[in-house]
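Here is how the chains run, residue by residue.
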Amino acid sequence: MAVNIHEKYIKRCLQLAENGLGSTYPNPMVGSVIVYKNQIIGEGWHQKAGEPHAEVNAVNSVKNRDLLKKSTIYVSLEPCSHFGKTPPCSDLIIAKGIKKVVVATVDPFAEVAGRGIKKLMEAGCDVTLGVLEQEAQHLNKRFFTFHNKKRPYIILKWAQSEDGFIAPLQRKDRAPVWISNRYSKQLVHKWRAEEQAILVGTKTAIEDNPKLNTRLYAGNNPVRVVIDRSGKIPAASAIFDGSIKTIIITENNQKITSKNLEYRHADFSQNLPEQIGSILFQENLQSVIIEGGLQTLQSFIDAKLWDEARVFSGNVQLKMGVSAPEFQGKLISEEKIEDNLLKTYLND
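Only a predicted model underlies this, so the values are computations on that prediction, with no experimental measurement involved.

Enquirer: Where do I start with unusual backbone geometry in this structure?
Expert: Backbone geometry follows two general trends: most residues other than glycine have a negative phi, and most peptide bonds adopt the trans configuration. Following Y25, the chain continues into P26 via a peptide bond in cis, with omega recorded as 5°. Along the chain, P26 falls in the loop between α1 (3-17) and β1 (31-36). Notably, K304 is not glycine yet its phi reads approximately 55°, a positive angle. Following the sequence through the fold, K304 ends up in the loop between α10 (294-302) and β13 (308-313). On the accessibility criterion, K304 (67% relative accessible area) is exposed. One non-glycine residue, E338, lies in positive phi territory at about 55°. With respect to the helices and strands, E338 occurs in the loop between β15 (330-337) and β16 (340-346). Assessed through its relative accessible area of 57%, E338 is described here as exposed.

This is the structure we're talking about:
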């Protein structure tokens, strides 16, 4: 079968897999299609952690199961080979007599990491590996970063005025000064639903009193992570409302004092971003959005510890204020959102 035919069906796998963004953690997003005589006869994706994997859903969607032995199964990630919350998908493929398997990329998770492919080959399956491998790894960039680099995928996000400021020097009350428009704000809440954690520094927590939830979008709330070296954030702040799991990064040796509130110790004289990455890895959090403020954002930039930056530019002029972070990255996209411009960069 020609390589471009393989690519066609792996692309469909990737499309299906993306439907699971935000709901499969700690599992990766995976899509699968089953093809008989160049026709898709079954497809599925992993919809939620603990529920059937993509291959299971694809097999279950096939009306005539007799065709499975004559079909090819395509999967965007190596079929698992271990018992977790669900049985191994490689065992299912073997049991159903599917002899041709096309896989986009190897699973970096130590419990799999080539074992699924080995099991399939030892059972006599014809396995093709590496079709659209880079695209498949990019789709699961959070999962691959977490397992390969032992830290979450780190997304920087801020909004800046036309003249390059992220906030005024002074404000009247504990409320954010909005530079982005309402459509951009809703998009940010969508992003929050797609990632596992959201982080802000002490000054942002004090001055903006943010809730850091997904109130403008239907989805899971990320874990709130707040830097508070010496306990300066007022007890009445929204982050202490107990509604969402919240981790406080502090120098104090404090213990859990209320519902959904945990303290994690860090040495603020050392590389704090690196320590935070390790803490979030230990918490099994595969991704984090860093929303500010300047000192926090700049510290991750200076530590070269970021993967993606999403920068909104508004049509307001602040004249003077807190300057936007200084960084260098590879611009990969620009998008107009009414009177805002969203630019996305990769740490190249």
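Enquirer: Just checking my understanding: could you explain the layout of surface pockets for this structure?
Expert: The calculated volume of the largest pocket comes to roughly 1200 Å³. Along the walls of the largest pocket sit 45 residues, with T204, D208, E291, G292 and G293 positioned nearest its centre. Counting residues per element, the ones that place at least two in the lining of the largest pocket are β6 (153-160), β7 (165-167), α7 (182-194), α8 (202-208), β12 (287-292) and α10. For the lining of the largest pocket, the class distribution of residues is 20 nonpolar, 13 polar and 12 charged.

Enquirer: Even after reading the chapter, I still don't get the UniProt feature "binding site: NADP(+)" (unreviewed entry) in the protein, so can you show me in this structure?
Expert: In the numbering used here, UniProt assigns the feature "binding site: NADP(+)" (unreviewed entry) to A159, W178, T204, D208, G293, L294, Q295, T296, L297, Q298 and S299. Spatial dispersion of the annotated residues is evident: they stretch over 141 residues in sequence, and the largest pairwise C-alpha distance comes to 23.1 Å. Considering only the residues just annotated, the largest pocket is lined by A159, W178, T204, D208, G293, L294, Q295, T296, L297 and S299. With respect to the helices and strands, the residue W178 is situated in the loop between β7 and α7.

Enquirer: How should empty space enclosed by the protein be read in this particular structure?
Expert: By rolling a water-sized probe across the atoms, one finds the places where empty space is left. Per the stated rule, a full pass over the model turns up one cavity of 30 Å³ or more. Lining the largest cavity are L21, G22, T24, Y25, N27, P28, M29, N140, R142, F143 and Q286.

Enquirer: Looking at this structure, I do not really get the sheet that holds strand β10 (residues 246-250). What am I missing?
Expert: Remark on secondary structure: sheet strands pair via backbone hydrogen bonds, oriented parallel or antiparallel. Ordered in space as β11-β10-β9-β8-β12-β6-β13-β16-β15, the nine strands form an open sheet in which the pairing is mixed. Taken across any chain shown, the strands that pair with only one partner, and hence form the sheet edges, are β11 (261-265) and β15. Neighbouring strand axes in the sheet, compared pairwise and without regard to direction, differ in orientation by 20° on average. Here β15 runs beside β16; their pairing, made up of seven bridges, is antiparallel. Looking at the pairing, K336 lines up with L341 of β16. Taken strand by strand, helix α6 (residues 141-149) contacts β6, β12 and β13, and its axis lies near 125° from that of β6.

Enquirer: Looking at this structure, I do not really get the pattern of salt bridges. What am I missing?
Expert: As a working rule, side chains carrying opposite charge can pair if their charged atoms are close by. As enumerated under the stated definition, the model contains 15 salt bridges in all. With a closest N to O distance of 2.7 Å, R142 and E195 form a salt bridge. Of this pair, R142 sits in helix α6 while E195 sits in the loop between α7 and β8 (197-200), and the two are 53 residues apart along the sequence. The pair R142 / E195 is uniform in exposure class, with both members buried. For the salt bridge of D241 with R224, the shortest nitrogen-to-oxygen distance reads 2.9 Å. Of this pair, D241 sits in the loop between β9 (223-227) and β10 while R224 sits in strand β9; the two residues are 17 residues apart in sequence, bridging distant segments of the chain. The structure contains a network of salt bridges with shared partners spanning K245, E262, R264 and E283.

Here is what the cut-offs are and how they apply
Residues numbered from 1 in each chain as written. Predicted model: local features only at pLDDT ≥ 70, side-chain atom pairs only at ≥ 80, totals over all residues. Heavy atoms only, no water. Helix = DSSP H or I, 4+ residues; strand = E, 2+ residues; numbered from the N terminus. Buried < 20%, exposed > 50% of the residue type's maximum accessible area, 1.4 Å probe, protein only. 1 Å grid on protein atoms, 1.4 Å probe; cavity = no way out; pocket = protein on both sides within 12 Å on 5 of 7 lines; lining within 4 Å. Points joined across faces, edges and corners; volume = space filled by probe spheres on them. Nonpolar A, V, L, I, M, F, W, Y, C, P; charged D, E, K, R; others polar. UniProt positions renumbered as here; feature names shortened; annotations may be inferred. Pairing = 2+ DSSP bridges. Axes fitted to C-alpha atoms, helices over the stretch in contact; angles between N-to-C directions. Contact = heavy atoms within 4.5 Å. Salt bridge = Lys/Arg side-chain N within 4 Å of Asp/Glu carboxyl O.

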